[in-house]
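# A closer look at the structure
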Amino acid sequence: MPAQLIDGVKLSQQLRADIAARAAKLTASGRQPGLAVIIVGDDPASHVYVRNKVKACGEVGFHSVLEKYEADFSEQALLDRIAALNVDPAIHGILVQMPLPKHIDPTKVIEAIATTKDVDGYSVLSAGELVANLPGFRPCTPYGCMKLIESTGFDLRGKHAVVIGRSNTVGKPMALLLLQANATVTICHSATPDLGYHTRQADVIVAAVGRRNTVTADMVKPGAIVIDVGMNRDDAGKLCGDVDFAGVSEVASHLTPVPGGVGPMTITMLLMNTVESAERGLGKTQEKTEPDSGMAPKPGIA
Ligand code: NAP
């Protein structure tokens, strides 16, 4: 029997309806959730991504601010904008679209965002919160993958999950989220000699590589759940994932399509993190804390 498709568009609609209801409640009490999106430079794909994020904010009743800067915008000017947004009570989430122009250090920029507004979950402190099982913002793509798995009703406890890819934004946080859900987790990467050996043992496979046909039918245990994070182009220029969709759908029990699987969930989880931030912070001025000092405010931000 062909795999059941896990519909990220439908799940997103359901989750966004819930987010909109939460936002309406917050707005009625004078705390409309607010997201600031900053883009530097003229990368066309990045401009499409930020437009979609701002549009999604409007659809769920958020306040949103889009700040666009030319490619020669200085690093210091960007850090100053982030410092201002960190203390803006109307803003509960700050997102700086990557990639940034070469003269701007992305780590410096991400670390300048107040942890309480780091709705992308990319900062070192957010990563630490995830490692330590503390409440915090989970990176949107792996968080969305967890929701997709959850939507199948599959209980991860004691099951074997294989994550292919170990990036800081997808693979590593994905593995930690699966671990938190009590799965036994294997992480594979470009130096893994026999990928199929690992994937064939998996009850759940999450492919986050960026190379099409990385996962083929012979690498999948019958009945496994397969989540395809990859975004690639096939020979005809059509969007495709890392998984050989036609082949794997004959073996897996559940499979996410590309497009229409993980992609829509990423923006949805950004909205989810932002509404959660508004609920948590209640619009109060928020401060970044330094990793080495525990709670001390960052100089110049408080
Ligand atoms: P990345 O930073 O390039 O990481 C790719 C990972 O794949 C690396 O850890 C790399 O291993 C591993 N890898 C490369 N070749 C491999 C191989 N032959 N076998 C096993 N592992 C291999 O990419 P990313 O940011 O994590 O993104 C991964 C994919 O997901 C991309 O296609 C990206 O466009 C897509 N993506 C989609 C969404 C969405 O919303 N749908 C969001 C984010 C990303 P090493 O560490 O050893 O190099």
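About the cut-offs
Sequence order as written defines the numbering, with residues in each chain counted from 1. Two thresholds apply to this predicted model, a pLDDT of at least 70 for residue-level local features and 80 or more for giving and counting side-chain atom pairs, whereas whole-chain, interface and lining totals are computed over all residues. The side-chain quantities take in all heavy atoms of the structure and omit both hydrogens and water. Secondary structure counts use DSSP, requiring at least four H or I residues in a row for a helix and at least two E residues in a row for a strand, with both numbered from the N terminus. For the radius of gyration, the atoms used are the C-alpha atoms, and the globule rule reads 2.2 Å times the number of residues raised to 0.38. Think of it in three bands: with a 1.4 Å probe and only protein chains considered, a residue is buried below 20% of the maximum accessible area for its type, exposed above 50%, and partly exposed in between. Contact between two residues is taken to exist if any of their heavy atoms lie within 4.5 Å; hydrogens are not considered. Here, Shrake-Rupley sampling with a 1.4 Å probe gives the accessible areas, and only protein chains in the shown set may cover a residue. Here a residue is near a molecule or strand as soon as one of its heavy atoms is found within 4 Å of it. Pairs of N or O atoms within 3.5 Å make up the polar contacts considered here, provided that, within protein, one atom can donate a hydrogen while the other can accept it, and that residues adjacent in sequence are counted only when both atoms are side-chain atoms. Arc definition: directions from the helix axis to the C-beta atoms. A strand pair is defined by DSSP finding two or more bridges across the two strands. To define axes, lines are fitted to C-alpha atoms, for helices over the stretch in contact only, and angles between the resulting N-to-C directions are given on a 0 to 180 degree scale.

## Notes on the overall build of the protein chain
- The helix and strand tally for the protein chain stands at ten helices and eleven strands.
- By the compact-globule yardstick of 19 Å for 302 residues, the protein chain fits well, its C-alpha radius of gyration being 20 Å.
- Taking the principal axes of its C-alpha atoms as reference, the protein chain extends roughly 55 × 40 × 40 Å.
- Taken across its 302 residues, the protein chain has 49% of its residues classed as buried.
- A fraction of 69% describes how many contacts in the protein chain between residues 6 or more apart in sequence connect residues 24 or more apart.
- On the protein chain, roughly 13800 Å² of surface is accessible, and the fraction owed to carbon and sulfur atoms is 56%.

## Quick look at the site of the ligand
- The environment of the ligand is made up of 20 residues, and the closest members are Arg 166, Ser 167, Ser 190, Met 231 and Thr 266.
- Between the ligand and Ser 190, the relevant distance is 2.5 Å, taken from an oxygen atom to a side-chain nitrogen or oxygen of the residue.

## What about helix α5 (residues 124-131)?
- What α5 keeps buried is the set Ser 126, Glu 129 and Leu 130. The arc that holds every buried residue of α5, seen down its axis, measures 100 degrees, which confines them to one face. When the buried face of α5 is taken as reference, the exposed residues oriented beyond 90 degrees from it are Val 124 and Val 131.
- On its buried side, α5 packs onto α7 (171-180).
- Asn 133 occupies a position one or two residues after α5 and carries a positive phi of about 60 degrees.

## Remarks on the sheet that holds strand β3 (residues 63-69)
- Taking strand neighbours across the sheet as the criterion, the three strands line up as β3-β2-β4 in an open arrangement whose pairing is parallel. One side of each edge strand has no neighbouring strand; the edge strands of this open sheet are β3 and β4 (93-96). Pairwise comparison of adjacent strand axes, ignoring direction, gives a mean angle of 15 degrees for this sheet.
- Contacts from helix α2 (residues 44-59) reach β2 (34-40), β3 and β4 within the one sheet, and its direction differs from that of β2 by about 170 degrees.
- Strands in contact with helix α3 (residues 75-86) are β2, β3 and β4; relative to β2, the strand with the most contacts, it is inclined by about 180 degrees.

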